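Descriptive analysis of the structure
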Amino acid sequence: MGCKIYINGISNISPQTDSVFEDQAPLEYETNILPSLKQDYKSFIKPMMLRRMSSAVKMGIFCAKQALLEAEVTMPDAILVGTGQGCLQDTEKFLVNMLNTNEGLLSPTSFIQSTHNTVAGQIALDLKCQAYNMTFSQNAASFESALIDALLQIEEKEVKNILVGGVDEISPQFTGFQKLNAQIKDENLNNLDLFESNTPGTIVSETAAFFSLSSVKRATSYARLIDVQVLNILEPSDLTRRIERFLEKNEIAEVDLVILGKNGDNRYDRYYDEIQQGIFSDKCQLGYKNLVGDNNSVSSYALWLASKILKEKKIPEIFMLNALTCNKPEKILIYNQYLGRNHGLILLETCDF
Amino acid sequence: MSDLHTELKKSIIEQLNLEDMEVNEIENDEHLFGDGLGLDSIDALELIVLLEKDYGIKLTDPNQGKEIFSSINSMVDFIEKNRTI
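All of these numbers come straight from a predicted model, not from anything done at the bench.

**Comments concerning helix 5 (residues 118–127) of chain A**
Residue and element names in this part refer to chain A. Here helix 5 lies mainly inside the structure; seven of its 10 residues are buried. Turning to helix 5, its buried residues are Thr118, Val119, Ala120, Gln122, Ile123, Ala124 and Leu127. Note on helix 5: the residue one or two positions beyond its end, Lys128, has a positive phi of about 55°.

**With respect to the packing of helix 6 (residues 142–157) of chain A against helix 11 (residues 299–312) of chain A**
All names here are of chain A. Taken N-terminus to C-terminus, the directions of helix 6 and helix 11 make an angle of 60°; their axes are 8 Å apart at the nearest point. Relative to helix 11, the element helix 6 lies oblique. Contact with helix 6, carried on its side by Phe143, Glu144 and Leu147, involves Ser299, Ser300 and Leu303 of helix 11 and no other residues of that element. For the contact of helix 6 with helix 11, the per-class residue count stands at three nonpolar, two polar and one charged.

**Description of the sheet that holds strand 8 (residues 223–233) of chain A**
All names here are of chain A. Spatially, 10 strands are ordered 4-3-5-7-1-8-12-11-9-10 in an open sheet, and the strand pairing comes out mixed. Each edge of the sheet is formed by a strand with only one pairing partner; in this case those strands are strand 4 (132–136) and strand 10 (284–287). In this sheet, adjacent strand axes meet at a mean angle of 20° when their direction is disregarded. Pairing of strand 9 (residues 257–260) with strand 10 involves four bridges; the strand directions are parallel. Bridging from a neighbouring strand, Leu257 pairs with Cys284 of strand 10.

**Digging into the nonpolar core**
All names here are of chain A. Counting residues in hydrophobic clusters, the biggest one holds 47 residues, and the most contacted among them are Phe211, Leu225, Ile259, Leu303 and Leu348. In terms of residues, this core owes the most to one element, helix 11, which gives eight residues. Counting only domains with at least three residues in this core, you end up with domain 1 (5–214) and domain 2 (223–349). Within the second largest apolar cluster, 29 residues are counted, among which are Ile61, Ala64, Val119 and Phe210.

**Considerations on unusual backbone geometry**
Most peptide bonds take the trans form, and the phi angle of most residues other than glycine is negative. Residues and elements named next belong to chain A. Of note in the backbone geometry, Glu72 takes a positive phi value of approximately 55° without being a glycine. For Glu72, the location among the structural elements is in the loop between helix 2 (55–71) and strand 3 (78–82). Within the chain, Lys128 stands out as a residue other than glycine whose phi angle is a positive 55°. Here Lys128 shows up in the loop between helix 5 and strand 4. On the basis of relative accessible area, Lys128 is assigned to the exposed category, the value being 65%.

**Concerning the packing of aromatic side chains**
Residue and element names in this part refer to chain A. Under the counting rule described, the total for this entry stands at eight aromatic pairs over all chains. Between Phe44 and Phe62 the ring centres are 5.0 Å apart and the planes differ by 80°, which places this aromatic pair in the edge-to-face class. With Phe44 in the loop between strand 2 (33–34) and helix 1 (47–50) and Phe62 in helix 2, this pair connects stretches of sequence that are 18 residues apart. For Phe44, a relative accessible area of 21% gives the class partly exposed. By relative accessible area, Phe62 is classed as buried at 5%. Taken together, a centroid distance of 5.8 Å and an interplanar angle of 40° make the contact between Phe143 and Phe211 tilted. Residue Phe143 is located in helix 6, and its partner Phe211 is located in strand 7 (residues 207–214); the two are separated by 68 residues in the primary sequence. In terms of burial, Phe143 and Phe211 fall into one category: buried. One aromatic cluster is present, formed by Phe21, Tyr288, Tyr301 and Trp304 through successive ring pairs. The ring of Phe21 carries the charged tip of Lys308 above its face, separated from the ring centre by 5.1 Å. Between Lys311 and the ring centre of Tyr222, over which it is positioned, the NZ or CZ distance is 4.2 Å.

**Comments concerning the domain arrangement of chain A**
Interface size is commonly expressed as the accessible surface area that is lost when the partners come together. All names here are of chain A. Here chain A is described as being made up of domain 1 (5–214) and domain 2 (223–349). Counting from both sides, the interface comprises 55 residues of domain 1 and, opposite them, 49 residues of domain 2. For the pair domain 1 and domain 2, the summed buried surface comes to about 4300 Å²; carbon and sulfur atoms form 60% of the total. Taken together, the links from domain 1 to domain 2 amount to one salt bridge. With a shortest N-O distance of 3.1 Å, Glu22 and Lys314 are connected by a salt bridge. Where domain 1 meets domain 2, there are 23 residue pairs in polar contact (both at pLDDT 80 or more). At the level of secondary structure, the elements contributing two or more residues to the side of domain 1 that touches domain 2 comprise strand 1 (5–13), helix 6, strand 5 (161–168), strand 6 (204–205) and strand 7. Here the side of domain 1 that touches domain 2 takes seven residues from helix 6, the largest share from any one element. Broken down by class, the residue content of the side of domain 1 that touches domain 2 amounts to 26 nonpolar, 22 polar and seven charged.

Rules used in this analysis
Residue positions are counted from 1 within each chain, in the order its sequence is given. The order in which chains are written sets their letters, starting at A; the order in which ligands are written sets their numbers, starting at 1. Given that the model is predicted, a residue must reach a pLDDT of at least 70 before its local features are reported, and side-chain atom pairs must reach 80 or more before they are shown or counted; all residues, however, enter totals for whole chains, interfaces and linings. Hydrogens and water are ignored here; the side-chain numbers use all heavy atoms of the structure. Think of it in three bands: residues with accessible area under 20% of the maximum for their type are buried, residues over 50% are exposed, and the middle band is partly exposed, with areas taken using a 1.4 Å probe on protein chains only. Helix and strand assignments follow DSSP, with helices taken as H or I runs no shorter than four residues and strands as E runs no shorter than two, numbered in order from the N terminus. As a rule, the C-alpha atoms of each element are fitted with a line to give its axis, helices using only the stretch in contact, and angles between N-to-C directions run from 0 to 180 degrees. Our angle categories are set so that under 35 degrees counts as roughly parallel, over 145 as roughly antiparallel, 65 to 115 as roughly perpendicular, and the remainder as oblique. By definition, residues are in contact when any of their heavy atoms lie within 4.5 Å. We call Asp, Glu, Lys and Arg charged. Ala, Val, Leu, Ile, Met, Phe, Trp, Tyr, Cys and Pro are nonpolar, and the rest, Gly among them, are polar. Strands are treated as partners if at least two bridges between them are detected by DSSP. For this analysis, a nonpolar core means a set of buried residues of the types Ala, Val, Leu, Ile, Met, Phe, Trp, Tyr and Cys, connected via side-chain atoms within 4.5 Å. As used throughout, domain bounds are those supplied by an automatic or database domain assignment. Only Phe, Tyr and Trp rings are paired, with Trp represented by its six-membered ring, and only when their centres lie within 6.5 Å; those with planes under 30 degrees apart are stacked, over 60 edge-to-face, the remainder tilted. Any Lys NZ or Arg CZ found within 6 Å of a ring centre and within 35 degrees of that ring's normal is scored as a charge over the ring. Put simply, buried area is how much 1.4 Å-probe accessible surface two parts lose in total, over both of them, once they are put together. Within this document, salt bridges are pairs made up of a side-chain nitrogen of Lys or Arg and a carboxyl oxygen of Asp or Glu, the two lying within 4 Å of each other. Polar contact criterion, stated in full: a pair of N or O atoms within 3.5 Å, where within protein one must be able to donate a hydrogen and the other to accept it, and residues adjacent in sequence count only if both atoms are side-chain atoms.

Below you can see the structure in the form of structure tokens.
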């Protein structure tokens with residue numbers, strides 16, 4: 001990507017507080033399904049609107065408004081959301097209602113809010129924003145897909161400010177299916193022990209992270225987003241070559257640290273092993289899913305983390321996967337995959353250049 | 001306040017997710033829409049479903065809605081005259 005795109009505002013909601021970045025002890029969970037931490041939603045959303053909103057919508061609007069506020073943007077030129085599963089809580093409510101009433105009397109609210117694009121739509125309604133509004137659902141590459149659109153929008157349409165985010169919520173039926181399908185670990189474990197577990201599955205969670213991107217750099221900008229790529233099918237042996245090609249395309253000789261979506265699933269963590277022991281063996285390696293769990297748009301949390309690291313020039317120890325550190329983090333690569341599919345690469349650098 | 005008034009208020013609070021609201025906070029003659037309770041068009045659809053599910057009343061004329069859903073009193077009055085269950 002030739003254009004300059006800056007991250008000017010960030011916000012996230014996850015099972016951890018932001019103070020985990022300030023080296024405060026992380027929250028520990030003994031369950032494999034992690035809810036997000038409750039927020040003061042009423043400070044950003046009217047109570048009469050709030051009453052109908054599921055977790056994803058609340059988290060999405062809250063983060064979107066915080067990110068825009070930080071970037072001092074009142075009206076974005078586009079709203080892009082990546083969500084793998086959309087508003088699952090309302091989908092389940094609607095389907096259960098259908099079964100219970102034998103397809104008779106169905107509540108309109110859960111039907112209206114059961115679609116994937118509810119979050120992006122509700123953000124637009126809240127902001128009264130009639131600009132380009134798009135939702136991307138591509139499993140674990142949903143957020144990356146939204147980011148690619150953001151890059152294209154800024155490059156091709158001379159758009160100035162874009163709101164982009166990733167959000168996914170947990171719901172009882174769907175996590176039940178994930179458990180049956182061995183996506184969630186059979187045994188309950190402490191989240192901080194995730195990387196030591198040698199069993200199939202992971203811990204899942206609900207998270208949201210939103211970013212105010214702009215073609216204009218500010219004194220308070222977090223980072224410059226360089227490029228994003230999605231690779232749908234990939235063998236572990238091909239990963240190094242594809243990453244090298246991605247870096248070469250962007251004329252980046254080497255990165256200072258990598259943020260990996262390692263999730264403790266012994267069937268698929270070999271993708272991360274491949275580059276941890278290979279191309280990035282001499283680089284600082286970070287992980288985050290032992291703190292915030294996994295879901296289809298959790299790579300947005302990784303972008304939040306990378307943005308904080310580049311702005312504050314600090315790497316919190318709790319995220320470190322190896323003993324190597326980096327005194328001056330300037331270029332960061334984020335790599336994530338889920339079940340060996342939908343591999344996402346996000347490349348960003350400091351704004352200091 | 002009759003049992004039906006209380007029952008209806010409880011159902012409305014539950015069905016419309018009026019979090020943090022108690023039965024005694026809804027006045028019997030308070031407007032449900034607009035300046036009163038502040039309900040909107042989606043709530044109107046929920047109330048139509050509620051009438052059919054809980055009282056077996058099927059609204060056939062949409063123009064009736066404005067009058068019936070004016071207040072708790074008007075809804076109770078309509079339910080007492082038309083309920084089938």
